[in-house]
Amino acid sequence: MHVQEWLEAVPAVSIYALVGLVIGLESLGIPLPGEIILVSSALLASQHGEIDPLILGTCATAGAVIGDSIGYAIGRKGGRPLLAWLGKKFPRHFSEGHVATAERSFEKWGMWAVFFGRFIALLRIFAGPLAGVLHMPYWKFFIANVLGGILWAGGTTAVIYYVGVVAESWLKRFSWLGLVAAALIGLTSMLVLKRKARKMEGAAKTEAEVAPEAVAAAE
């Protein structure tokens, strides 16, 4: 069943809770389609008056901020062993190359990596836990987390909702385009990050192979 058709059969309160929960879990570090759920719900709100877009955007924002904060706390307590464990459980998302790419982004951009990471599928999963692992000061993380959450969750809800209202005559076709666009954006960002991750992973392996030889030569 189409995501939006399934959402139409769910009560408004349940949709608010579902959106907040899925986005919260994704922000916490669990790979889930938060962006697709948010876009579908915003489109649904533009067609059905029972769903309040303001409440929807608030729940999405709350889920994003709270999920990231919990992820930060878990990452700060678990440290690098947590990343190693996640790499074993979710090798496609938490591979050494992906972790290295995300860590490099944090080292280069600091709190801005948390803010802009909200708009990139892979970094959206990494941001909270990795910020905790790297011991980013919480006040910096909190500011970037809140602003990024409001702009991404609230902004996405508002834009999709109002476009849906204005384009009501071709909304059914747009619902597909909206989902496809969200999927393409997420896929493109992940492919770019995967390419960078592979390069960094290859460089790390090369360094690991060269290091023992250098030590042996020195001896």
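The following paragraphs examine the structure supplied in this document.

What counts as what
- Residues numbered from 1 in each chain as written.
- Predicted model: local features only at pLDDT ≥ 70, side-chain atom pairs only at ≥ 80, totals over all residues.
- Heavy atoms only, no water.
- Salt bridge = Lys/Arg side-chain N within 4 Å of Asp/Glu carboxyl O.
- Helix = DSSP H or I, 4+ residues; strand = E, 2+ residues; numbered from the N terminus.
- Buried < 20%, exposed > 50% of the residue type's maximum accessible area, 1.4 Å probe, protein only.
- Phe/Tyr/Trp six-rings, centres within 6.5 Å; stacked < 30°, edge-to-face > 60°.
- Core = buried A, V, L, I, M, F, W, Y, C linked by side-chain atoms within 4.5 Å.
- Axes fitted to C-alpha atoms, helices over the stretch in contact; angles between N-to-C directions.
- Parallel < 35°, antiparallel > 145°, perpendicular 65-115°, else oblique.
- Left-handed = near helix turned anticlockwise from the far one by under 90°.
- Contact = heavy atoms within 4.5 Å.
- Expected span 1.5 Å × (residues − 1).

**Describing the pattern of salt bridges**
Part 1 of the reasoning: This model, assessed by the stated rule, comprises 1 salt bridge.
Part 2 of the reasoning: Ionic pairing is found between R118 and D68, a salt bridge with its closest N-O pair at 2.8 Å. Of the two residues, R118 sits in the loop between helix 6 (111-117) and helix 7 (121-133) while D68 sits in helix 4 (residues 53-89), which places them 50 residues apart along the sequence. Across the pair, D68 and R118 agree in class, each one buried.

**Observations regarding the packing of aromatic side chains**
Part 1 of the reasoning: The tally for this structure, following the rule as stated, stands at 9 aromatic pairs.
Part 2 of the reasoning: When the ring of F115 is compared with that of F116, the centres are 5.0 Å apart and the planes differ by 90°; the resulting orientation is edge-to-face.
Part 3 of the reasoning: Take F116: its relative accessible area is 47%, and that puts it in the partly exposed class.

**With respect to the nonpolar core**
Part 1 of the reasoning: Among the nonpolar cores identified, the biggest contains 22 residues, and I15, V19, I23, L38, I51, L56 and A60 are the most heavily contacted of them.
Part 2 of the reasoning: Counting residues per element, the ones that place at least two in this core are helix 2 (12-28), helix 3 (34-47), helix 4 and helix 8 (138-166).
Part 3 of the reasoning: Listed in part, the 17 residues of the second largest apolar core include A113, V114, F126 and A127.

**Overview of the packing of helix 2 against helix 3**
Part 1 of the reasoning: Put simply, helix 2 and helix 3 touch, their axes get as near as 9 Å, and they point 160° apart. When the interaxial angle is binned, helix 2 and helix 3 end up roughly antiparallel. Taken as a pair, helix 2 and helix 3 cross one another with a handedness that is left-handed. Here I15, V19, V22, I23 and E26 of helix 2 come into contact with helix 3, specifically with G34, E35, I37, L38, S41 and L44.

**Considering helix 2**
Part 1 of the reasoning: A rise of 1.5 Å per residue sets the reference length of helix 2, with its 17 residues, at 24 Å; its end C-alpha atoms lie 24 Å apart and thus fit the reference within 8%.
Part 2 of the reasoning: Those residues of helix 2 not exposed but buried are A12, I15, Y16, V19, G20, V22, I23, G24, E26 and S27.

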